[in-house]
Amino acid sequence: MNNIERQYQQLLGDILENGVDKKDRTGTGTLSVFGRQIRHNMSEGFPLLTTKKMAWKVMVAELLWFLRGDTNIKFLLDYDCHIWDGDAYKNYCNQIPEYSKQFTMSKEEYIYKIKTDEEFAKKWGELGPIYGKQWRKWSADKIHKNDQITNLINELKTNPDSRRLMVSAWNVGELDQMVLPPCHYGFQVYTREENGQRYISLMWNQRSVDTFLGLPFNIASYGLLLEIIAKEVNMVPDELIGNLGDVHLYKNHIEQAKEQMYRRPYDLPKVQITERNWYQHELVKEHLGEKTFSEKIMSYRPDCFELVGYQSHPKIKAPLSN
């Protein structure tokens, strides 16, 4: 059994056995435990769970969306990623004046309008200063912006033993402007040298953990982020660590969790990042120079990330609570 899957199944069992009843903002109700950690060695394979089929391209699209500094769901919808539809639609409904409520379009009509009407998307597709904005344009005021991702890459290249290799999404001054405060609110990277090679690890912190639907995505997303950063700074992906706060199962996910707990995992896959959008002919490179990390990120599409050897059990459907 692969180790990350064993940890995940044990975590499901832990919640079912030790979880306490807690109310939540969605009104669904949860079983909850507090303060857990998972660890994965990237040399064992890419941490995409195999006990249920994972929506790989959906997860990749969301991570690229964060890295681009984007906060509008139009990019997500272009790649058939619907993770944020519910929050976006709720935000739209909340902004409609009371006297116009009877004309509010349905969720399906709203999504179609975002996809097809550029002006509507610009106005109504924004989710506030969530992850992408904080990662790429953190601000304490309206003038000064801080690109935390670029700063991280530059620091890794020039001062890899720094203890300040951190990115935060928890901007206290802008929490009330976000459709949803960040669940995974920050990450730190760490490097070590061995036999002339640098190894890089990533640890993320998460205040709220939807263990059945969200956590498998979080694990894979930060695993891929570690792969992308390692590639850019020419280091070897090492450990992936998640520090988890309120770890819960929604009451309408309990039977699904029980089913997944007893499935036998397959071997983990590998991830191949294709070079075609990063490649530059040597003569062009000599004239224009290397692409910046930001330019590379903007050229990425979900199909640039290929799973190799992924075998999984069938998907397990469960409702998303917004």
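Above this text sits the structure in question.
Residues numbered from 1 in each chain as written. Predicted model: local features only at pLDDT ≥ 70, side-chain atom pairs only at ≥ 80, totals over all residues. Heavy atoms only, no water.

S.K.: Teacher, can you tell me more about the overall build of the chain here?
M.R.: Along the backbone of the chain there are twelve helices and ten strands. Computed over its C-alpha atoms, the radius of gyration of the chain comes to 20 Å, within 12% of the 20 Å expected for a compact globule of 322 residues. Taken along its principal axes, the extent of the C-alpha atoms in the chain is 60 × 50 × 35 Å. For the chain, buried positions account for 52% of its 322 residues. Summarising the internal contacts of the chain: among those between residues at least 6 apart in sequence, 72% fall at separations of at least 24. Of the accessible surface of the chain, which amounts to about 16,100 Å², a share of 49% is contributed by carbon and sulfur atoms. (Helix = DSSP H or I, 4+ residues; strand = E, 2+ residues; numbered from the N terminus. Rg over C-alpha atoms; globule rule 2.2 N^0.38 Å. Buried < 20%, exposed > 50% of the residue type's maximum accessible area, 1.4 Å probe, protein only. Contact = heavy atoms within 4.5 Å. Areas by Shrake-Rupley, 256 points an atom, 1.4 Å probe, with all protein chains shown as cover.)

S.K.: What am I meant to see in the environment of M54 here?
M.R.: With respect to the element layout, M54 can be found in the loop between β2 (30–41) and α2 (56–67). Considered as a pair, M54 and H313 are 259 residues apart in the sequence and their alpha carbons are 9.4 Å apart. Discounting chain neighbours no more than four positions away, the residues touching M54 are L48, L49, P216, F217 and Y310.

S.K.: Teacher, can you tell me more about the sheet that holds β2 here?
M.R.: Paired through their backbone hydrogen bonds, the strands of a sheet run either parallel or antiparallel. Spatial ordering of the open sheet is given by β1-β2-β8-β7-β6-β5, a layout of six strands whose pairing is mixed. Each edge of the open sheet carries a strand with a single partner, namely β1 (20–22) and β5 (166–168). Neighbouring strand axes in the sheet, compared pairwise and without regard to direction, differ in orientation by 20° on average. Direction of pairing for β5 relative to strand β6 (residues 184–194): antiparallel, over a ladder of three bridges. In the strand pairing of β6, S168 is matched with G186. (Pairing = 2+ DSSP bridges. Axes fitted to C-alpha atoms, helices over the stretch in contact; angles between N-to-C directions.)

S.K.: How should the nonpolar core be read in this particular structure?
M.R.: Considering soluble globular proteins, one finds that nonpolar side chains tend to be buried as a cluster. Y110, W135 and F187 are the most contacted members of the largest nonpolar core, which totals 93 residues. Ranked by residue count, the leading element in this core is helix α9 (residues 214–233), at twelve residues. Sequence-distant contacts of F187, that is, excluding residues within four places in its chain, are made with W135, I149, L152, L165, M166, V167, L202, M203, W204, Y222, L225 and I229. (Core = buried A, V, L, I, M, F, W, Y, C linked by side-chain atoms within 4.5 Å.)

S.K.: Just to check I follow, could you spell out helix α5 (residues 107–116) for this structure?
M.R.: Every α-helix winds through 3.6 residues per turn, so residues three or four apart in the chain are directed the same way. Among the residues of α5, Y110, I111 and I114 are the ones counted as buried. Looking down the long axis of α5, one finds its buried residues gathered within 95° of arc, a one-sided arrangement. Counted as exposed and oriented over 90 degrees from the buried face of α5: E108 and Y112. Elements that come into contact with the buried residues of α5 comprise α3 (74–78), α4 (85–95) and α6 (118–124). (Arc of directions from axis to C-beta.)

S.K.: Teacher, can you tell me more about the packing of aromatic side chains here?
M.R.: The relative placement of two aromatic rings is captured by the distance of their centres and the angle of their planes. Scanning the model with the defined rule gives 19 aromatic pairs in all. Taken together, a centroid distance of 5.5 Å and an interplanar angle of 65° make the contact between F66 and W135 edge-to-face. Of this pair, F66 sits in helix α2 while W135 sits in helix α7 (residues 131–137), and the two are 69 residues apart along the sequence. Feature note: the residues W65, F66, W84, Y131, W135, F187, W204 and Y222 constitute an aromatic cluster, connected by ring pairs. Sitting over the ring of F120, K113 keeps its end group 5.9 Å from the ring centre. Its guanidinium or amino end placed over the ring of Y199, R192 lies 4.6 Å from that ring's centre, counting from NZ or CZ. (Phe/Tyr/Trp six-rings, centres within 6.5 Å; stacked < 30°, edge-to-face > 60°. Lys NZ or Arg CZ within 6 Å of the ring centre and 35° of its normal.)

S.K.: Even after reading the chapter, I still don't get the pattern of salt bridges, so can you show me in this structure?
M.R.: Where charged atoms from two side chains of opposite charge approach closely, those side chains can pair. All told, the structure shown has 18 salt bridges when counted by the stated rule. As a salt-bridge pair, D147 and R136 come within 2.8 Å of each other at their nearest N and O atoms. Taken as a pair, D147 in the loop between β4 (145–146) and α8 (148–158) and R136 in helix α7 lie far apart in primary sequence, eleven residues in all. Residue classification places D147 among the partly exposed positions, given a relative accessible area of 22%. A salt bridge links E255 to K258, with the shortest nitrogen-to-oxygen separation between them at 3.7 Å. Placement of both E255 and K258 in helix α10 (residues 254–261) is noted, with a separation of three residues, approximately one turn of the helix. Residues joined by salt bridges that share partners form a network here, namely E118, E119 and K122. (Salt bridge = Lys/Arg side-chain N within 4 Å of Asp/Glu carboxyl O.)

S.K.: What exactly am I supposed to notice about the packing of α8 against α9 here?
M.R.: In helix packing, the relevant descriptors are the interaxial angle and the interaxial distance, both defined with respect to the helix axes. For the pair α8 and α9, interaxial distance at closest approach is 10 Å and the crossing angle is 50°. Accordingly, the angle class assigned to the pair α8 and α9 is oblique. For α8 against α9, the interelement crossing comes out right-handed. Contacts between α8 and α9 pair L152, I153, L156 and K157 from the former with I229, E232 and V233 from the latter. (Parallel < 35°, antiparallel > 145°, perpendicular 65-115°, else oblique. Left-handed = near helix turned anticlockwise from the far one by under 90°.)

S.K.: I keep staring at the environment of F187 and nothing clicks. Help me out?
M.R.: Mapped onto the elements of the fold, F187 is located in strand β6. Since its relative accessible area comes to 2%, F187 is described here as buried. F187 sits 71 residues away from T116 along the chain, and the two C-alpha atoms are 35 Å apart.

S.K.: Could you clarify how one ought to interpret α8 in this entry?
M.R.: Q148, I149, L152, I153 and L156 are the residues of α8 that are buried. One side of α8 carries all its buried residues, which in axial view fall inside an arc of 135°. Residue D147 occupies the N-cap position of α8, its side-chain oxygen lying 3.3 Å from the main-chain nitrogen of I149. (Polar contact = N/O pair within 3.5 Å; in protein donor to acceptor, adjacent residues only side chain to side chain.)

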